[in-house]
Amino acid sequence: MTQLPDSVSIREVGPRDGLQNEDPIPADAKVRLIDALSATGVRRIEAVSFVHPKAIPQMADADEVWARAQRNENVRYSALVPNTRGAQRALAAGFTEIEVVVSASDTHNRRNVNRSTAESLDDIAGLIALLHGSGAIAEVIISTSFGCPYEGDIDPARVAQIVDRVVADGADRVAFGDTTGMATPRRVRELLTAVRDRQPEIPLLLHFHNTRGTALANILTALEFGITEYDASVAGLGGCPYAPGASGNVATEEVVHMLHDMGIDTGIDLDALLDAAALAEELVGRELPSGVLRAGPRTRLTAS
């Protein structure tokens, strides 16, 4: 039997990746959500993105939100940026962990940033140098790593070649985005095998959507490869505005609930996380897809 990790680090992405796919909510509400999540024991939070407000109006108040959030010294906060201007804003705001994104699919990349994957990779090389020159950590997120809604299957070898390129350019870690929930355990296994055969040392993080109900199975498969870093979104907030049908980030509380029952530590207080999930649902004004939020943890019994 494969030895699973003793602990896992979850990056909470609800405040950024989650809220960017919802109707805009006020800065006050975003600050409340970040502060609630910061008190759950989560070790990493993706707080905001510094993008042009015409592209993602939900993130137009990123500077205000970040200035007002109560930072927990035990939490590592990160921001997503699309370009040099966004990186400069993130650095000026004090972020030292910054994410840049490229799509494995040319079609999705053009829909997202109006350029080819190769052109984005050239830009990212300069961004990594800029971030390192300012003392920041650079993470490259490769979206549509497991499939593209426009192109279909993505060859794992193509993704592995992108990893080779960004590692050569100095990326500190690489994340694989399951942008529209097309991943399955088989495809997770194929991708991780292709990448690890070529890049055995680079830290990897996986970002799954539960659009087709496979997210927890995919995480279990990745655990068998020794992957210990995952994204998740409180109450299942979010998706991708440039990918039809991309709703359904895996809910953080569902991941934590499963891992804790397996004896894998996350450092997260599940009860506090469920309170934050209820707050997220209240703030966006609609029912969110988390099953654990609906039913409670398996240890919650019904009175006879």
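Everything below is about the structure printed above this text.
Residues numbered from 1 in each chain as written. Predicted model: local features only at pLDDT ≥ 70, side-chain atom pairs only at ≥ 80, totals over all residues. Heavy atoms only, no water.

Would you explain the packing of aromatic side chains in this entry?
Given two aromatic rings, their pairing is described by the distance between the two centres and the angle made by the two planes. Using the criterion set out here, one finds four aromatic pairs in the structure. Taking 5.8 Å as the distance between ring centres and 70° as the angle between the ring planes, the aromatic pair formed by Phe50 and Phe95 counts as edge-to-face. Within this pair, whereas Phe50 is found in the loop between strand 2 (44–49) and helix 3 (62–68), its partner Phe95 is found in the loop between helix 4 (84–92) and strand 4 (97–103), the two being separated by 45 residues in sequence. Accessibility classification places Phe50 together with Phe95 in one group, the buried group. Feature note: the residues Phe50, Trp66, Tyr77 and Phe95 constitute an aromatic cluster, connected by ring pairs. Stacked on the ring of Trp66, the Lys or Arg Arg71 has its end atom at 3.9 Å from the ring centre. (Phe/Tyr/Trp six-rings, centres within 6.5 Å; stacked < 30°, edge-to-face > 60°. Helix = DSSP H or I, 4+ residues; strand = E, 2+ residues; numbered from the N terminus. Buried < 20%, exposed > 50% of the residue type's maximum accessible area, 1.4 Å probe, protein only. Lys NZ or Arg CZ within 6 Å of the ring centre and 35° of its normal.)

I tried to follow the pairing of strand 7 (residues 204–207) on my own but got confused; where do I start?
The two faces of the sheet receive side chains in turn, since in a regular strand these alternate between them. Here strand 7 shows a buried face lined by Leu204 and Leu206 and a second buried face lined by Leu205 and His207. Examined bridge by bridge, strand 6 (residues 173–177) and strand 7 share four bridges and lie parallel to one another. Paired with Ala175 across the strands is Leu205, a residue of strand 7. Regarding topology, helix 8 (residues 185–198) serves as the crossover connection from strand 6 to the parallel strand 7, and that connection is right-handed. As defined by bridge partners, strand 7 adjoins strand 8 (residues 229–232) across two bridges and the pair is classed as parallel. Looking at the pairing, His207 lines up with Asp231 of strand 8. On the question of chirality, the crossover connecting strand 7 to the parallel strand 8 by way of helix 9 (residues 215–224) is right-handed. (Pairing = 2+ DSSP bridges. Right-handed = clockwise from strand over helix to strand, strands pointing away.)

Honestly, empty space enclosed by the protein in this entry has me stumped. Any pointers?
Empty pockets left among the atoms are what a rolling probe the size of a water molecule brings to light. Overall, the coordinates contain three cavities of 30 Å³ or more when judged by the stated rule. Taken as a whole, the largest cavity holds about 80 Å³ of empty space. Val81, Pro82, Val100, Val101, Val113, Arg115, Ser120, Asp123, Ile124 and Leu127 are the residues that line the largest cavity. Where the lining of the largest cavity is concerned, the elements lending two or more residues are strand 4 and helix 6 (117–133). With four residues, helix 6 is the largest single contributor of residues to the lining of the largest cavity. (1 Å grid on protein atoms, 1.4 Å probe; cavity = no way out; pocket = protein on both sides within 12 Å on 5 of 7 lines; lining within 4 Å. Points joined across faces, edges and corners; volume = space filled by probe spheres on them.)

Where do I start with the pattern of salt bridges in this structure?
Opposite charge on two side chains lets them pair, provided their charged atoms get close. Enumeration according to the criterion identifies 26 salt bridges in this entry. Ionic pairing is found between Glu229 and Arg44, a salt bridge with its closest N-O pair at 3.0 Å. Here Glu229, found in strand 8, pairs with Arg44, found in strand 2; they are 185 residues apart in sequence, far enough to count as distant. Its salt-bridge partner being Asp122, residue Arg165 comes within 3.0 Å of it at the nearest N-O pair. In this pair, Arg165 sits in helix 7 (residues 156–168) while Asp122 sits in helix 6, placing the two residues 43 residues apart along the sequence. For Asp122, a relative accessible area of 47% translates into the label partly exposed. Salt bridges linked by common partners bring Arg11, Arg44, Arg76, Glu97, Glu99, Glu139, Arg173, Glu229 and Asp231 together as one network. (Salt bridge = Lys/Arg side-chain N within 4 Å of Asp/Glu carboxyl O.)

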